[in-house]
Amino acid sequence: MRIAVISDTHNVMPDGLAERWADADEIWHLGDVCDPRTLVEIELLEKPLTVVAGNCDAWPSWPLIQRLERGGYVFHLEHIPRPRPAPGVTAMLHGHTHVPRDETDMMGVRWLNPGCISEAYRGAPASFAWLTIPEDGSGFTWETELV
């Protein structure tokens, strides 16, 4: 399974990105979409799309938190990172900081941030990430890709 993970579009969907996600099995957006029309290009791909609300979003149909299980792993999606991981999760995925992140804490939980898709920020170029979960259960990979 291959999941495109994005965050912080802030009303901007860079040209050509939706086509790069054509082979994704799912797309996860970690908040700060702002205007839902920003997602139209992604929705036209007809892939399952999961969105969590960010601090710049005012759409009641988007939850603040999503807990998803894929390939035996539990993923917690939330825009603003918590100080501690949610109980029972394999990975905490967040946006908000606009800076890519891949760290493992002392409890073995991975903290993942795809960066900001709409602009370079704090010295980090615009980016998104691929979450790949092999069917054989051999572990998942996280790869940040520049826009």
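A short tour of the structure in this document, coming up. The model shown is predicted, which means the values in this text are computed figures rather than measured ones.

## A closer look at the sheet that holds strand β10 (residues 141-146)
- Strand order in the open sheet formed by five strands is β3-β2-β1-β9-β10, and the pairing between neighbours is mixed. If you trace the sheet from one side to the other, it starts and ends with β3 (49-51) and β10, each paired once. Between one strand and the next, the sheet's axes are offset by a mean angle of 20°, whatever the strand orientation.
- Pairing geometry for strand β1 (residues 2-6) and strand β9 (residues 127-132), over four bridges, is antiparallel. Within β9, the position partnered with V5 by the bridge is A129.

## Quick look at the pattern of salt bridges
- One pass over the full model with this rule turns up seven salt bridges.
- Close ionic contact of R70 with E26 constitutes a salt bridge, the shortest N to O distance being 2.7 Å. Here E26 lies in strand β2 (residues 26-29) and R70 lies in strand β4 (residues 65-70), a separation of 44 residues in the sequence.
- In this structure, R37 and D35 form a salt bridge, with 2.5 Å as the shortest nitrogen-oxygen distance.
- On the basis of relative accessibility, which here comes to 63%, the residue R37 falls in the exposed class.

## Let's talk about the packing of aromatic side chains
- Applying the stated criterion across every chain yields a total of seven aromatic pairs.
- Ring plane angle 55° and centroid distance 6.4 Å describe the contact between Y73 and F75, whose orientation is recorded as tilted. Both residues of the pair, Y73 and F75, belong to the buried class.
- With centroids separated by 5.3 Å and ring planes inclined at 70°, the aromatic side chains of F75 and F140 adopt a geometry described as edge-to-face. Within this pair, whereas F75 is found in strand β5 (residues 73-78), its partner F140 is found in the loop between β9 and β10, the two being separated by 65 residues in sequence.
- A relative accessible area of 10% places F140 in the buried class.
- Taken together, the aromatic side chains of W28, Y73, F75 and F140 make up a single cluster linked through ring pairs.

## Topic: the nonpolar core
- Residues V5, W28, F75, L77, L93, L131 and F140 are the most contacted members of the largest nonpolar core, which totals 17 residues.
- Listing elements by their share of this core, those giving two or more residues are β1, β5, β6 (91-93) and β9.
- Ranked by residue count, the leading element in this core is β5, at three residues.
- Residues within four places of L93 in sequence aside, it is in contact with V5, W28, L30, F75, H76, L77, E78, L112 and W142.

Parameters and conventions
Residues numbered from 1 in each chain as written. Predicted model: local features only at pLDDT ≥ 70, side-chain atom pairs only at ≥ 80, totals over all residues. Heavy atoms only, no water. Pairing = 2+ DSSP bridges. Helix = DSSP H or I, 4+ residues; strand = E, 2+ residues; numbered from the N terminus. Axes fitted to C-alpha atoms, helices over the stretch in contact; angles between N-to-C directions. Salt bridge = Lys/Arg side-chain N within 4 Å of Asp/Glu carboxyl O. Buried < 20%, exposed > 50% of the residue type's maximum accessible area, 1.4 Å probe, protein only. Phe/Tyr/Trp six-rings, centres within 6.5 Å; stacked < 30°, edge-to-face > 60°. Core = buried A, V, L, I, M, F, W, Y, C linked by side-chain atoms within 4.5 Å. Contact = heavy atoms within 4.5 Å.

Keep in mind that these numbers describe shape and distance, not what the molecule does.
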